[in-house]
Each structure stands twice: as C-alpha cells, then as structure tokens.
Amino acid sequence: MRRFLLTFIILFTGLAVNAQEALLKDLDYKVEFQSSMSDGHTPLWLNANKHGLSSLDAVNGYLRGMVERPLTTDSARNWGVGYAMDLVAPLHYTSDFIIQQAFIEARWKKAVVTVGSKEWQMELKNYELSSGSQTLGINARPVPQVRFALPDYWNIPGTKNWLALKGHVAYGKTTDDHWQKDFVALHQRYTEGTLYHSKAGYLKIGPKNLTVVLGLEMACQFGGKTIKEENGQQVVITNASDMKSFVNAFLPGGAGSDEVTSDYKNAEGNQLGSWVMRVDYDAQDWSLGIYADHFFEDHSAMFQLSADDYKTGTDWQEKNSERFFLYDFKDMMIGTELNLKRNNWLRTIVLEYVYTKYQSGPLYHDHTQYIGSHICGMDNYYNHHLYTGWQHWGQVMGNPLYRSPIYNKDGDISVKNNRFVAWHLGLSGNPLQPLSYRLLATYQTGYGSYNEPMIPKQYLCSVLAECSYRLKNSWRVSCGLGFDSGKLLGENYGIQLTITKTGIL
C-alpha cells in the first residue's frame, strides 16, 4: 500500500508539473501604443467600435499590454484552457487605469465556460467595416460575466450537416458606478450595482455554398439601485435581484414588475434584443452576404403584436378578447457584404441602411379600469425609466449611430438621438502584401427621440481613412484620419496613430 501511494503521489506530482508547464508555455503577447489628436472631440469612427477603449478628448492615448493563452492552443484536445490579462494605462480617458480584459475559460469539446471580462466579437457582420450590431455590439467596455457558450456551430445529429446551432447565455455586473455618479448633473438619474444578462442563439441552414442563418440576440439590465431626485429629495429605488429576478431576466417577455409602476406587470428590468438573419452565397471568385437586424425594446415589439382589449372595472387587468394591435415592420438594419477574392486593391465592400424612426409608433396608452384599449408605442430605444439605458461607461453597448451618453453636455445619461435614418459604406483591401486599408463613410439624419425631438432635424457625415503596414518581427503601424461634419456631433477633425507589437513568450 505504501509503494502504491508513493507511486501515485509521484505520478500525480509529475502530471501537475507538466500541466502547469503546458499552461504557462507559448503565451501570446501584445504591446500597443495609441495616440489621438483632434480639432474638436475625437471623430466618430476614430472613437467608436473599439470595445470602449477610446476617448472624446481632443488629445488622448494609451499604452496597452496583454498576455493571453488562447483556447486554440489546445485545439488538438477534447478539452482546453485559456486565459488573458489585458491592462491599459490611458491618458485623458474616463479612467486613470483600465483592466480591459481579465478572464479564464475552459472548453470541453464544443462547450465553453468563460469567467471575467472579455472582448466579444459581433455575429453575422463584418468586424472592421460594419457600423455595428444593434444589440450585442463592440462599442462599449466589456462587462465582467459568467458565460456559457457554444461558440462554434454544432451540427445537429440526423440532419446530414444541414442544420447547426451555436449561442450563449451570460450573467454579469456592470462596472461604471463611479463614472455615472461623477458624470450626472444635479437632479439626473444614475444607477449602482446594475446586473447584466445576455443570450443569443443562431440556427444555420445549409452545408454548402448557400447558407442561411436565423438568430435571436437579447439582453437585459436588472437588479441594483436607481438613484434619482424627486421634490428636492434623493430617492433610492432598490430593484429586485433575487433568484426569481435572474429567471425573469432570462425569459423574453417574462414576469416581473418595476418598483415604481407595480400596477402594470412588465418584463424584468430593461429588456431589449434583435432578430437577426444572414444569407451567404460563396462562389469561386467572390462571395456575397445579405443580412438584417431588427431591433426591439420589449416583448410586444419583439413579436410585433400587443393585446389591445382588456376588461374594465375590477377585472381591468384581464384580457377581454383575442383582439391585438399589429405593429408595422419598419425599424431595421439591412446590409450587404461583397468579397472579391482575387482583387487585392478592393477586397471587401459593405453597405448598410439603418432605420429606427418608428419605435412602435408615436402613441402610448396603457389600458385602465375605464378604457380597455392598449397601445404600447414610443419605445424610446436604448433608454429606460429606471436604468441609464443600454450603455456602459458612457458608450452605447449596441450600434454607435445611436448617440452615446458620453456626448451629452447636460449630465444626463441617456441616448438623445435614437430616431434616425443612416447610410453606411465600408471598403477594405490589401494593395501590397504588408499594406492594408479601410474606408468608412456614414451619412445620418437624426430626429432625436419622441420625448425630445430635434427641431429642426440634424445631420451627420462621418468619414474614416485608415492604413496599416506590417513591419518585420510582428510590428504593425496604423494611421487613421477621420472627420465629422454636421450638428449631430459637431465639426471634428482628427488623426490617430497606433503602434502594435505581437509575439509569443
């Protein structure tokens, strides 16, 4: 028995040492320096879609260092372990020091669990050229979370590879409490300890050169505290954060009620999401993708349908018939992506049209004890009556064409331009092997919101021209020129220089 125990201890110790050595070998690293200078504040496309690692200040920059063991290191095994630490020393940012990413993740076959802050990429859209997803975008700092995912498509057995699924479920907590408190002006609302939930599922149809993806992306802010001022006194509203709230946040249009409007049962917290779709055709010399992103703010807009007939009197909360109000199917992002595989000078073209003016219509009327009609319009995208809206550290967590609260000069954490029409164009190519470029151009007409319309309407033209050059020993230098024109964001001109070194430790 002693020999057996001694042999077991020696073997276990050897395996532990080998595993530790394996987990500390072949680490990827990145060191990056960035500097931005502008006349006005930083132009839109020098600031947006950078996972919140940006600033509006006329002069700003950062020094960034990252060490990562990607899950792909263990791609030959059924299991895998990954982790990263990504630290930033910024200049003229909303923080003096930033932990941009800090996570550990584990994989068993296709299933992955991730704990911590990680930069998640957009689904179904071009990362460099798209204006951004409307629900789960790349515009704000990562939210620390626990995330369960199938990040790669899993072929459904028995479908001969014609059907595949992927998706995720995550819960986390936002980290911008102190920023909110410092940013808001007197009488304005802010939150503390807000909880975060997101989920998404995607069904891919077709194994060959023609594929269709149908998906649903949803998110929710719930729990925490809402602090505001009423009649000269501070009011603190403690939102539900028990286990039942976690379940209600998960269920689309589920149960729950807001603390200040308990007469009307509502979905838990600030619920929002998008129906998404993409069709791809892959030919020998080119490929074409067409996609759509339909945003919604509550379960009635989610299904484009709302009950429109309730009883009156003591039974006023009960439905009276099967009469429903059908909403128009107007608000939509529609995009197309063309890849020219043999053309280095112009490799990828992205064109998007975004319309958000409808928002279930300009009328809102909840049924009462005396009037049974029920019309839920004026959805007020990215805003909420309790929470500070779909934002983190002042940047919207969706598409940056919804003007982020960080632009507001009145200390109000809200999205003041959420009704707009926009056209967006993105181009990229590799004229020379070490040289690449991208061009972004956006034209937007802003109408403000239903509650605070912009009269007259305001316009925005934003352009970015960026070139990157790869040097020896994994060095890369990028330079971007950007400008904004129009009253929506003001007149801004800027330049951004980025120097990056990557390698393996």
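What you see is a predicted model, and the numbers here were worked out from it, not measured in a lab. (Residues numbered from 1 in each chain as written. Predicted model: local features only at pLDDT ≥ 70, side-chain atom pairs only at ≥ 80, totals over all residues. Heavy atoms only, no water.)

Would you take a moment to explain the overall build of the protein for this structure?
Within the protein one finds five helices and 27 strands. Here the protein holds 505 residues, and 49% of them are scored as buried. Restricting to contacts in the protein with at least 6 residues of sequence separation, those with at least 24 account for 62%. As displayed, the protein offers around 24800 Å² of accessible surface, 61% of which is attributable to carbon and sulfur atoms. (Helix = DSSP H or I, 4+ residues; strand = E, 2+ residues; numbered from the N terminus. Buried < 20%, exposed > 50% of the residue type's maximum accessible area, 1.4 Å probe, protein only. Contact = heavy atoms within 4.5 Å. Areas by Shrake-Rupley, 256 points an atom, 1.4 Å probe, with all protein chains shown as cover.)

Help me understand the packing of aromatic side chains, please; the structure alone is not making it clear to me.
The description of an aromatic ring pair rests on the distance of the ring centres and on the angle between the ring planes. If you walk through the whole model with that rule in mind, you get 15 aromatic pairs. Note on Tyr196 and Trp390: the rings are 6.0 Å apart at their centroids and 10 degrees apart in plane angle, and the pair reads as stacked. Of the two residues, Tyr196 is situated in strand β9 (residues 195-205) and Trp390 in the loop between β20 (375-376) and β21 (391-392); the sequence distance between them amounts to 194 residues. Residue class for Trp390 comes out buried when judged on its relative accessible area of 1%. Aromatic rings pair up to connect Phe295, Tyr381, Tyr382, Tyr402 and Phe420 into one cluster. The ring of Trp120 carries Arg147 above its face, with NZ or CZ at 3.8 Å from the centroid. The ring centre of Tyr153 lies 4.7 Å from the NZ or CZ of Lys204, which sits over that ring. (Phe/Tyr/Trp six-rings, centres within 6.5 Å; stacked < 30°, edge-to-face > 60°. Lys NZ or Arg CZ within 6 Å of the ring centre and 35° of its normal.)

Explain the pairing of strand β12 (residues 233-238) to me, please; I cannot follow it from the model alone.
Sheet faces and side chains relate simply in a regular strand, where the side chains alternate between the two faces. Where strand β11 (residues 225-230) lies against β12, six bridges are found, and the strand directions are antiparallel. Along β12, the bridge assignment pairs Thr226 with Ile237. Where β11 hands over to β12, the hairpin turn is made up of two residues, of which Asn231 adopts a positive phi near 55 degrees. (Pairing = 2+ DSSP bridges.)

Looking at this structure, I do not really get the pattern of salt bridges. What am I missing?
Oppositely charged side chains may form a pair once their charged atoms are brought near each other. All chains considered together, the criterion is met by 18 salt bridges. When the shortest N-O distance is used, the salt bridge between Arg69 and Asp74 registers 2.8 Å. Here Asp293 and Lys125 are joined by a salt bridge, their closest N and O atoms 3.1 Å apart. On the criterion of sequence distance, the pair formed by Asp293 in strand β14 (residues 286-296) and Lys125 in the loop between β5 (111-117) and β6 (145-155) is long-range, its members being 168 residues apart. (Salt bridge = Lys/Arg side-chain N within 4 Å of Asp/Glu carboxyl O.)

Whenever I open this one, unusual backbone geometry confuses me. Can you help?
One can expect most non-glycine residues to show negative phi and most peptide bonds to be in trans. Going from Ile455 to Pro456, the amide bond is cis rather than trans, its omega being 0 degrees. Within the secondary structure layout, Pro456 lies in strand β25 (residues 453-470). You will see that Ser474, though not glycine, has its phi angle at about 65 degrees, which is positive.

What is the right way to look at the pairing of strand β3 (residues 79-91) in this model?
Only one face of β3 is covered, namely the face carrying Gly80, Gly82, Ala84, Asp86, Val88 and Pro90; the face carrying Trp79, Val81, Tyr83, Met85, Leu87, Ala89 and Leu91 is uncovered. Bridge count for strand β2 (residues 59-69) against β3 is nine bridges, and the pairing is antiparallel. If you follow Gly61 over to β3, its bridge partner there is Leu91. Alignment of β3 against strand β4 (residues 98-108), held across ten bridges, turns out to be antiparallel. Paired with Tyr83 across the strands is Ile104, a residue of β4.

Would you mind going over the sheet that holds β11 with me for this structure?
Each strand in a sheet pairs with its neighbour through backbone hydrogen bonds, running either in the same direction (parallel) or in the opposite one (antiparallel). Read across the open sheet, the three strands follow the order β8-β11-β12; overall the sheet is antiparallel. With partners counted over all chains shown, the strands left at the sheet margins are β8 (190-192) and β12, one partner each. The sheet shows a mean angle of 30 degrees between the axes of neighbouring strands, taken without regard to direction. Pairing between β8 and β11: three bridges, direction antiparallel. Its bridge partner being in β11, Tyr190 is matched across the sheet by Ile227. (Axes fitted to C-alpha atoms, helices over the stretch in contact; angles between N-to-C directions.)

Before we go on, may I ask you to explain the nonpolar core in this structure?
Nonpolar side chains tend toward joint burial in soluble globular proteins. Core analysis: the largest hydrophobic core is formed by 42 residues, its most contacted members being Leu44, Trp45, Tyr202, Tyr382, Trp390 and Tyr402. Taken together, the elements giving at least two residues each to this core come down to α2 (44-47), β9, β10 (210-222), β13 (270-282), β14, β18 (348-355), β23 (420-432) and β25. (Core = buried A, V, L, I, M, F, W, Y, C linked by side-chain atoms within 4.5 Å.)

Would you take a moment to explain helix α4 (residues 243-250) for this structure?
One full turn of an α-helix is made of 3.6 residues, so residues set three or four places apart face in the same direction. Those residues of α4 that fall on the buried side of the exposure criterion are Ser245, Asn248 and Ala249. The arc enclosing the buried residues of α4, seen along the axis, measures out at 100 degrees, which places them on a common side. Structural note: α4 exposes Met243 and Lys244 on the side pointing more than 90 degrees away from its buried face. Tucked into the core, α4 has its buried residues touching β9, β10 and β13. (Arc of directions from axis to C-beta.)

Which parts of the structure should I look at to understand empty space enclosed by the protein?
Gaps left between atoms are located by rolling a probe of water-molecule size over the structure's atoms. Applying the stated criterion across every chain, the model contains four cavities of 30 Å³ or more. Its boundaries defined by the atoms lining it, the largest cavity holds a volume of some 60 Å³. In terms of lining residues, the largest cavity is bounded by 13 residues, among which His294, Gln304, Tyr358, Ser360 and Tyr381 are the most central. Here the lining of the largest cavity is composed, by residue class, of five nonpolar, four polar and four charged. (1 Å grid on protein atoms, 1.4 Å probe; cavity = no way out; pocket = protein on both sides within 12 Å on 5 of 7 lines; lining within 4 Å. Points joined across faces, edges and corners; volume = space filled by probe spheres on them. Nonpolar A, V, L, I, M, F, W, Y, C, P; charged D, E, K, R; others polar.)

The values are spatial; any link to function lies outside them.
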